Amino acid sequence: MNTRGIMLSRTKRFACTAALLSALGLGPAGLSAHAQSAQFDLQGPTLEVKVQRAGKTLPIAQVPNLQPGDRLWLHPVLGEHESVHYLMVAVFLRGSTNPPPDDWFTKVEAWNKQVIDEGSYLVVPPGAEQVVILFAPQTGGDFSTLKNAVRGRPGAFVRASQDLNTASLDRDRINKYIHAVAGIADPDKVKDQSNTLARSLSLKVNQDCFNRPADQQAACLQQSQSALILDNGSSSTAQGLLNGPTSDLALQAGSTTSMASGLYDPYISAAFDIARILSSIHTAQFQYIPALSSDTNVEMNLWLNAPPSFHNPKSVLVVALPPVMAAKPPALHPVDPKQVFCMQRAPLVLPVDGAPEIFATDYGHGLTLHLADKNGKTVDLPTAPDAAQGGFVVPAPVLQNAALGNDVQAGVRGYWGFDAYTGPSFKLRSTNGDDWSVADADKNALVVGRDDELHLRSDAAACVDEVNYTDASGKPQKATFKPDGADGIVATLPLKDAQPGPITVSIKQAGLKDPKTVSTASFAEAGKYEAFTMHSGDRGGVLTGTRLDGVASLELHGIRFMPGKLTRTGTVDELELMAPATKPTPPAAAGAGAPAAATAAPAAAAIDPVAALTAGSHSIANATLKDGRVVPVAVTIDAARPSVALINKNVQLAAAAQPAPTLALKLGSADQLPLDGKLTFAIKSQQPAVFAKGESIEVATEDGLASATFSLQTGQLVLQDAKTAIATLDPAKSFGNSAFGRLRLRPVMADGTMGDWLPLATLVRLPSLQSYTCPPDAAQNCTLTGTSLFLLESVATDAQFTHMVTVPDGFAANTLEVPHVANGQVFVKLRDDPSVVNTVSVEGGRNSAGNHHARRGPVPAAGSGPAAPPPGASLTKAGVADTSMAAAPRPAP
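Below is a summary of the structure that appears in this document. The structure displayed is predicted, hence computed values, not measured ones.

About the cut-offs
- Residues numbered from 1 in each chain as written.
- Predicted model: local features only at pLDDT ≥ 70, side-chain atom pairs only at ≥ 80, totals over all residues.
- Heavy atoms only, no water.
- Phe/Tyr/Trp six-rings, centres within 6.5 Å; stacked < 30°, edge-to-face > 60°.
- Helix = DSSP H or I, 4+ residues; strand = E, 2+ residues; numbered from the N terminus.
- Buried < 20%, exposed > 50% of the residue type's maximum accessible area, 1.4 Å probe, protein only.
- Lys NZ or Arg CZ within 6 Å of the ring centre and 35° of its normal.
- Pairing = 2+ DSSP bridges.
- Polar contact = N/O pair within 3.5 Å; in protein donor to acceptor, adjacent residues only side chain to side chain.
- Contact = heavy atoms within 4.5 Å.
- Axes fitted to C-alpha atoms, helices over the stretch in contact; angles between N-to-C directions.

Attention now goes to the packing of aromatic side chains. Overall, the coordinates contain 9 aromatic pairs when judged by the stated rule. For the pair Phe 157 and Tyr 288, a centre-to-centre distance of 5.8 Å together with 85° between the ring planes defines the contact as edge-to-face. Of this pair, Phe 157 sits in helix H5 (residues 154-182) while Tyr 288 sits in strand E10 (residues 286-296), and the two are 131 residues apart along the sequence. Under the relative-accessibility criterion, Tyr 288 is labelled buried at 7%. An aromatic cluster of three or more residues is present, and its members are Tyr 86, Phe 135 and Phe 310. The aromatic ring of Trp 104 is capped on one face by Arg 94, whose charged end is 5.2 Å from the ring centroid. A cation sits over an aromatic face here: Lys 829 above Phe 801, 4.6 Å from the ring centre.

Here is the structure:
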């Protein structure tokens, strides 16, 4: 609500006016002539006005309100040579239902020489609320006619006074905008500066103008006042006018193109109201037309929307002076209350919002910026509102003539009319050579390949004028920036085509000759580091995310985890990270002369920090990347994984086939398990202490292509007691004929939590060897006959394989030429386990053809019993190797 009247919403006034017209029997059709021109573009007479209060005199342009006792000086500028003599009648009003008394009417003959030379004076009486000035051509009985009109319908003139004050202020705002846009010299700045003007003056501009070429935008914005929509609480908008109960009435009168398109001429409302109201008191002698005022110093320049008539009915100009009421200073506030301003900047602009009249009128005058530092020193500098810059402007740097501290509180002070005025407050700060730094979160955050933001911190952030930077190429480039709170800026660096490397940021500040510099670096885009998860009791865990190949280490509570195997599942990387094993603490050195026994104390176990990581805890670790960046990673410590110990195993060979092969292959390791054999193994639970419900044992090949599960529910896993279980593996049945290689086992809990793998055996497939025949000539090769010979990797005459034959890949024949042996043994390596040397005994009598015949099964050495079993195994009567294993400590994963 502005201070030129107690304003009603125009939408409500339309409704009231419509009701009044209905009561008077007047409709829109009868008023269309009055509304043909809503533009107040005809210049009328000038009225000079001064107001004196408590011995102080102000021009009318600086008076937002009158008060009882004010002495008014009125001087109509008409001249003594006017062809028509005007009678000026000053009327004080006291409400729509209380006609003014006779002595509240003052008759002034404007053509009188004394009036022309000296003007006339009158005093605002107690109880007055409005002041209206009427200009009427001189006729017989004109004064009494006008007085009777006002006393007969005081409410019409009260409403006219309110509307005229509102419309005059609206016109001032529009004119301020139009003239300022016309003064914008740079076409490229029209949009920004016009929007600043619109914010200052609470206007909404026609945004379609900004779709035109830059050199046409200003003309578009100026060409019609109808392109502007008033946007404050004291004025309606087009939406309110055209969608209410009076919409038909408004549309009837809206004859202009802009009104028909939905835009709102700011004067249409006043024209509607006043035309309808004053038409109700129209007589054959007089008709009443409104006059808006544009105040400059003491002058009220009057503007009309219809040419005055000097024939009956003659035109009476209706002019409103400021309302008689208590002062209501504007409720100004900073656009951004948290913003800090630089004292070295010139000019210093302090943006404000909330009261367009501070920019559109001279009601605020004698304004200063009162500054006070923390030491109590104060300085007052002149300031003035500037709509084009959007706030109060101090032309010179604040510190130019004021030795103030670095932090200063500033407030606008002055007068609003006759009353002292205290305006909004601001915080100012000096550069004073403050250092700059990169925000902690951005120290390693710049990424090349895109435009990236860098947050910079300094107490002098408000004084930044320009930001530049130099990248690894050494070429200086410009960066854009914006404020980031009271003590920082956000600089946007165009790094789309840059290479990773060092960056130097240069910051130019108001009041300082040399720029400040900040060093940082840019990097290639880092991966995504989702979480590091490990189980209590483990020495390692798994980091999930993307691009984890760039991780150099991860530190958690002082424990450094180093990277291991990196795998990818779909689009997610999984990186194993392992903490080093804890070394035992060496014993303290014995003192001189101490007994030798005292120096032989065993090494004490060091405290393992990994063991202190308890299940269920969550924390943050720091992952160090190979390029030096450190990124936070969420850590979860899950419950300890299950673990078991392999305490015994037994390999049972398959029964001999019928007919049995002539040659028997003797395995070289008790760890080997023939595919057609069976393995019975015993395990003991370690974590948890007893086997849990739903727990199972998974046995699988190392490559994971074949696996089998043993559980209590299926009966494949049999408990000896709560801690010990036994299972029997039939590899041919469980895995099929193509399984081979190392077998391992691990416990699996019912919820899917898996323990570490433990080595179990090596699964091998065996060829069927039928015969070994040699020619009489020892220099010639012998022939090894059998099936599935491709399962042999190589054959040699000695355990060191110095004389050997390599079996080709995909060997499909049933015979293989091998070297001639002299000691009755052939050494072979199996393709499924080539690290172990196995033997085939070919010792026997020579037949008539000179053939050697090998016996079936294990062949005893000469002069001995059964063949000796491999180390660590014993041969049972049934020919079964039995291997016992002590429980081993749980290996690292």
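Another point: the sheet that holds strand E49 (residues 792-796). The antiparallel open sheet is built from 5 strands, whose spatial order is E38-E53-E52-E49-E50. Each of the sheet's edge strands pairs with one partner strand only, and the pair in question is strand E38 (665-666) and strand E50 (804-806). Where E49 meets E50, 3 bridges bridge the pair, whose relative direction is antiparallel. Looking at the pairing, Ala 796 lines up with Met 804 of E50.

Relative to the elements of secondary structure, Asn 65 occurs in the loop between strand E2 (56-59) and strand E3 (71-77). By relative accessible area, which is 4% here, Asn 65 ends up buried. Here Met 325 takes part through its backbone oxygen, which lies 2.7 Å from a polar atom of the side chain of Asn 65. Excluding residues within four positions of it along the chain, Asn 65 makes contact with Arg 53, Pro 322, Pro 323, Met 325, Ala 326 and Ala 327.

This part takes up the environment of His 618. Locating His 618 in the fold gives a position in strand E35 (residues 618-625). For the pair His 618 and Asp 638, spaced 20 residues apart in sequence, the C-alpha to C-alpha distance is 9.3 Å. The contacts of His 618, once residues within four sequence positions are left out, are Val 635 and Thr 636. At a separation of 3.2 Å, a polar atom in the side chain of His 618 contacts the side chain of Thr 636.

This part is about unusual backbone geometry. Here the amide bond leading from Asn 312 into Pro 313 is cis, since omega sits at -5°, within 30 degrees of zero. Take Pro 313: it is sitting in the loop between strand E11 (299-304) and strand E12 (314-320). Of the consecutive residues Ala 346 and Pro 347, the connecting peptide bond is found in the cis state with omega at -5°. By the element assignment, Pro 347 lies in the loop between strand E14 (340-342) and strand E15 (348-353). Of note, His 557 is a non-glycine position whose phi angle comes to about 50°, a positive value. With respect to the helices and strands, the residue His 557 is situated in the loop between strand E32 (551-556) and strand E33 (559-569). For Ser 788, which is not glycine, the phi dihedral falls at a positive 55°. For Ser 788, the position within the fold is in the loop between strand E48 (782-787) and E49.

So, about the environment of Leu 350. Tracing the backbone shows Leu 350 in strand E15. When the C-alpha positions of Leu 350 and Lys 427 are compared, they lie 9.9 Å apart, and in sequence the two are 77 residues distant. Contacts of Leu 350, omitting those with residues within four sequence positions, involve Phe 341, Leu 369, Gly 390, Gly 391, Phe 392 and Phe 426.

Let us look at the sheet that holds strand E41 (residues 696-701). Strand order in the open sheet made by the 5 strands is E39-E46-E45-E41-E42, with mixed pairing throughout. Strands with a single pairing partner mark the edges of an open sheet, and in this sheet they are strand E39 (672-674) and strand E42 (707-711). Within the sheet, the average angular offset between the axes of one strand and its neighbour, ignoring direction, is 30°. Alignment of strand E45 (residues 741-748) against strand E46 (residues 758-764), held across 5 bridges, turns out to be antiparallel.

Following the sequence through the fold, Asp 833 ends up in strand E53 (residues 833-841). Along the primary structure Asp 833 and Gly 741 are separated by 92 residues, whereas in three dimensions their C-alpha atoms are 6.6 Å apart. If near-sequence neighbours (up to four positions away) are discounted, Asp 833 is found in contact with Gln 672, Thr 762 and Val 764.

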